[in-house]
Structure formats: structure tokens, C-alpha cells
Amino acid sequence: MKPKQLLEITLGVFTSIGGFLEVGSMMTAAQAGADFGYQLLWAILLGTICLASLIEMSGRFAAVSGHTIADALRERFGLHFFIVPLVAMGVVSILLLAAELGGMCAALQIATAVAIRWWAMPAALLTWLLLWRGTFGMIEKGVSMLGLVTVVFGVAAILLAPDLSGVASGLVPSLPHEKAAHYWFLAVSILGAAIAPAVFYFYSSGGVEEKWDESHVATNRIVAWGGITFGGILSGAVLIVAVLTLQARGITIDHFDQAALMLLDPLHRIGFWGFVASLFIASFSAALEVALAIAYLIAQGLGWNWGEDLKPRDDARFSVSYTVAIFVGAILLVVGLDPLKLTLFTMALTSATLPIAVVPFLVLMNDDAYLGRYTNGYLSNAVVLFTVLVACVLAVVSIPLELAGG
Amino acid sequence: MPICLIRDVLDNKLVDSDGQNAGRVDGIVLELTEGGPPRVLCVEVSPITLGRRLNRRLGDWMARLDRRFGPERGVPYRIPITRVTGMGVDLRLDFRAEPTPIFAAERWLRERLSRIPGA
Amino acid sequence: MRRHHLAGPVLAALLSAGACSGTPSDDEVRETLASWSATIRTAGNAWLQHDVPTRFAGDVLSAAGDALQGEEESLTGTEHTMLRGRCAELRALIQPMRDAISRRDDAALRKQLATLALFDARLRSEERARTGP
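Note that the coordinates shown come from a computational prediction; the quantities given were computed from them, not determined experimentally.

## Brief notes about the pattern of salt bridges
The tally for this structure, following the rule as stated, stands at 29 salt bridges over all chains. We note a salt bridge from Glu-44 of chain B to Arg-78 of chain B, for which the minimum N-O separation is 3.0 Å. Of this pair, Glu-44 of chain B sits in strand S4 (residues 39-45) while Arg-78 of chain B sits in strand S5 (residues 77-80), and the two are 34 residues apart along the sequence. Using a relative accessible area of 9% as the deciding quantity, one classes Glu-44 of chain B as buried. The class for Arg-78 of chain B is partly exposed, based on a relative accessible area of 46%. Several salt bridges share partner residues, and in doing so they unite Arg-74 of chain A together with Asp-11, Asp-26 and Arg-53 of chain B into one network.

## Section: the nonpolar core
Grouped together as the largest cluster of nonpolar side chains are 191 residues, with contacts concentrated most on Phe-153 and Phe-275 of chain A. Ranked by residues supplied to this core, first place goes to helix H4 (residues 69-112) of chain A with 20 residues. In this view, Phe-153 of chain A contacts Leu-21, Met-26, Ala-237, Val-238, Val-241, Met-262, Leu-263, Phe-275 and Ser-278 of chain A; residues no more than four positions away in its chain are not counted. Among the nonpolar cores identified, the runner-up in size contains 16 residues, and Val-25, Val-45, Tyr-77 and Phe-95 of chain B belong to it.

## Overview of the sheet that holds strand S3 (residues 27-31) of chain B
Residue and element names in this part refer to chain B. Spatially, S3-S4-S5 is the arrangement adopted by the three strands of the open sheet, whose pairing is antiparallel. Among the strands making up the open sheet, the edge pair consists of S3 and S5. In this sheet, neighbouring strand axes are inclined to one another by 35° on average, regardless of whether the strands run parallel or antiparallel. The sheet contact formed by S3 and S4 spans five bridges and is antiparallel. Residue pairing for S4: Gly-27 is matched across the bridge by Glu-44.

## Examining the interface of chain B and chain A
Across the boundary between the two partners, chain B contributes 27 residues, which contact 28 residues of chain A. Sorting the residues of chain B by area buried against chain A places Arg-24, Glu-106 and Ala-119 of chain B first, and these three jointly supply 26% of that buried surface. Across the chain B-chain A interface, the total number found is five salt bridges. Its salt-bridge partner being Arg-24 of chain B, residue Glu-75 of chain A comes within 3.1 Å of it at the nearest N-O pair. Joining chain B to chain A, the criterion identifies 17 residue pairs in polar contact (both at pLDDT 80 or more). Every element with two or more residues in the side of chain B that touches chain A is listed here: strand S2 (21-24), helix H2 (47-54) and helix H4 (104-113) of chain B. By residue number, the principal contributor to the side of chain B that touches chain A is H4 of chain B, which donates five residues.

Calculation rules
Residues numbered from 1 in each chain as written. Chains lettered and ligands numbered in written order. Predicted model: local features only at pLDDT ≥ 70, side-chain atom pairs only at ≥ 80, totals over all residues. Heavy atoms only, no water. Salt bridge = Lys/Arg side-chain N within 4 Å of Asp/Glu carboxyl O. Helix = DSSP H or I, 4+ residues; strand = E, 2+ residues; numbered from the N terminus. Buried < 20%, exposed > 50% of the residue type's maximum accessible area, 1.4 Å probe, protein only. Core = buried A, V, L, I, M, F, W, Y, C linked by side-chain atoms within 4.5 Å. Contact = heavy atoms within 4.5 Å. Pairing = 2+ DSSP bridges. Axes fitted to C-alpha atoms, helices over the stretch in contact; angles between N-to-C directions. Buried area = accessible area lost by both parts, 1.4 Å probe. Polar contact = N/O pair within 3.5 Å; in protein donor to acceptor, adjacent residues only side chain to side chain.

And the structure:
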């Protein structure tokens, strides 16, 4: 392997690891650990495998066809069909964006004791500024690399020396002994947090921004699987830490402040600030990605000029799209929507709407007009389809139950 | 050379002579000729056409909105099929789309954005 | 579409920060009590070890106070008198702790934490008595 390729892979893997955790995956994993011990590790495993498959497919699609998913959705399925994922994903993504901004604000509240709603506009402004002035490379590589701070959870998990047989048995799906509705709701939220369509739609746009071609297919496969797998391991680490520091004390997470106690045991002050930094940076990079994903979806669907590398005046409608999205997300926080509840419900809602975003994409991945000989194999189709349908069915059942039970 | 209009023309992206994205084919206009088969007259690129495809009233509302931007507006922008070349997945136009109504909203926004530093 | 039907209840649930849409069961309240008590204890000890800033410790105590007040208010009816009492008892510990922290008075906080430990012990023995040997 050439040194340049090796560098690209390393960079890509670190970017994926750093970019994996965000407020959704952190808080769902933490809640799962605090409420159900190791039992829900299988959901993280399943979500990780599914996401890695989708990311690899997304990259392959961009590299071979030179098109983004949104481009192909409209071209292949036409306007009447495209409207459905456009609206569904648009709505869910705005909620997701609000949740990520909420994660940034929660981190700032933990650090300063100033309430979340006061941080909403500053956080939105910071996110907007980076999109306005930054380039794709800066955001993708730079901010995601900062996300490597989340490795602190891995370090803590190792230091806490978890019971490995307990961890192993958690990787196998099991039925809950009690609080079934909450268990399945959390399972669904974990899956939704891992398999956010905004992320793999974004990834295909990234591939086109970076002008990938067929020669990138192999590198992409390594980066997608390597990066996402390690990211998933970090997610598992969050859960394990929650088991050993929160569940062990009987602390359940009803407030972000309680989650902030997670890393104190093994890492003391470093653990506290490590949590704050992780939550902030992870949510920040996700906010940037989701805002871009929304703008990409609209701009590509309607055939506008788009590109983070372009100056805002050269793709004015694209730039205005992410600006409006960020502003709307911030408003939801300012009016007082509880960010923790917002996060969990948005993750569950993502699961409920997964088939809308994923199934058409799977159809595209089997279309040789776009992919030539790089179409999907039977196994990838099966794994993704299975996960997505399971997530959806569970979501449709458990969301109303969770809402009813409070 | 036979082309599949729906699959390869409708909803496909247009790229102008400068390489800029010039919207998507939102509609296709056929001309019915006496004693002969219908032929493609032009393509439409317009949010009005988009709106009408989804719901007639929505399309009319968008037309009314568009009319406020000028007397000659309020109707979908049409490109004669002769100006559309290159049937790859993206269709190429042989002219610059920048001064046309396709870029109207873009120009309008660009003007206002130029007041914000960093644009 | 599905999401329209969800919009109402979802928004309602999201806006009612912290509050449940129904009366929580006794078990749930006890769990919440134990959870916040442990939270306060952990945060207090962390503050004593200088692991967390004073502002954060104060913020955790406020959050605990708000949550417990919410629990107390949701427990209506005479059959919940004892649980309401426990909520109030825990809540009563919060202000003295906040004062101790803002005065940087380690000794006072330790005293409060000792009282908290007694509260925890009583809660645990009540739990054992309920669920039986």
C-alpha cells in the first residue's frame, strides 16, 4: 500500500472514530447502562454493524457514480417519491440538529452553570460561523479529529475493569426482566442514534465534495468499517462506564448533570472535564454535519449549486438552507424544549422513519446504471434491511408506550 | 437515438456551459402535431412546475408568489429542447444559466448575502 | 402521515420537562429518590475532592431540588404521605448543602453528607421491609 493511501486511511479512520459519538449515542448508551446494565450492548453492536455497512455503501456510491444519494433519489424515483424522504428526513434532521445544539449547550451548562437556553443562540452562532467561513476539509477532518477526545471513555472503561463475561452476555440480545416498554424504547433509541440517515447521506456528499472515484472504493471500505467499528466500541465504552459508575450507585439519568458524574470514579477532575469536552465537541461536529446534511438534501434535490468548499455567495440558496436549519433548531431550545428528552425521542423517531430513508437507498445500491459492477452483495442488503425493519417495528410499538408511561 | 423521457430526462440535473448546476428538469413540454407523433418542445425548470406536479393549488400559489418579482414572471421558465445537449445522467445546456430566471432566487439572495462578512 | 399523529403528544412530552404524564408508581418514586440521593452524594464527595467546580456542584443540587419538588407535587392522595415526606426530607438537605458549598465549608458539607447517609440507610431498610426477606 502506498504511503499516501495509508495516510488517507489513517486520517479517515480517526475522523470516523472522532466523529462517531454525538449527544444521541452518548446519552442513549449512558441511559442504557444506568438502567439496564450490560443488557443493551447488543443494540449498540447491531447499530454499529448496520451503520458501517451503510457508510461503506454511501462512500462506494459517491465514488463510483459521482452522485450523491439525494441526487440519485430524485433522478431515479422522481419528484413525487422524493418528497417523502425529503420531508420526513427534513423534519427529523431539524429535531436532530436541535438535539445536537442541545448537547453543546448541556456541556456548556455543566461547565458554567449557565442554563441551556441561554447558550442556544451562541452555540447556533458558532456552528453557523464555522459553516459560513470553513471548508469541507476543515470541518470533516479538523473538528472530527478533536472528537478523538471521546477516547477518554475507552480509557475509563478499561480502568474500571468490567466483568468481561457480563459484557459478553450483553452482546447477545435478551429480553428485559422488568420495565419492558422502557427497555425497547432505549433499544430503539440506540439504533436510531447509530443509524442516523443524515450521517450516511452526508457521507455521500462528502465523497463528491472530495471528488472520489473508483480508486477510492477499497480505501473507503477500510475507513468505513475500521472507523465505525472503533466508534461503536467507544459507544459501548460509554455504556460500560455508566454501568460501573452510575448503575452501581443507583443513579438513573434524568438530567445531563447526572451523566457528567460518569467519569469521576476512575479519572477524577480529568474525567469531569473529559466528559464536558467530549459532549461539547461530539455534539458540535454532529451539529455541523446535520446542518450540512439538511442543506445538501434540499440543494441536491432541487438541483442548486452546493458545496461547503464554495464561498457562501456562490451557493447562496445552499448557504441560506443551513442557516435557516440552524436557526430553527436553536429556537426549539430557546423556547424550552428539554434537550435530554428531545435527544431520546429524536433518536426513537429516527428509528421509526428509517425505512423511508434507507430502503430507497438500498434499491439504488443495487442499480448497475449507477454502480456498474460495484452493486451490493446479498449479505449487505440482508443485514441492512433486517436491521432497519426491526428498528422500525420496535419504534412504532415502543414510542407510544414510552409516551404513555412518561 | 431513443431516450426514455421519464427515466433519463425528467428530474435530472441540468448543468450549464459554465459548469454550474442549473436546476433540474421539473417538467417536459410536448407538442401535439396533426397526423404525427407528439414531439418534445422544451423542458421546464421552475418551482411553479414542481408545485403543480404535487398539487395544482400549490403550483398556482407559487405562480402568484413568483409574479411579485416582475411582470414577465409567474410562468415556468422554458428551455427549448434544442438548447439541451449531452444525455449523460446530467443534461448539459449550451448557454449560461446565470442571467436566466433559473438563477433568480440565487441572485436575489446573493445580493443580500454580500452584506454579511465572509460571504 | 405517521409523524402528524405523533406531533401533539411528542411536543407535550417534550415540553413537560421532567414531569411524567401520569402519576408515577411508588416504585418509580423510590427509585428516583434513591437516584437523586446518590447523585447528591456523588457530587458532594466529588466536590470535597476538588474533582468538580463549585458552580457545577451547586447546579446539581438545584437540579435535584427541582426534580424532587416535581415528584412531591405529583404524589397526590393520602396513601402517598410517607413518600411525600421522604421527598421533602431529602429536599430539606439541599439548601444547607448549597450554603456549605458556596461558603467553601468542607466540614459543614461532610455533616450534611452524613445526614444524607442516614437518610439512605433508612430508605434502604424501608425497601427491604417492603420486599420482604
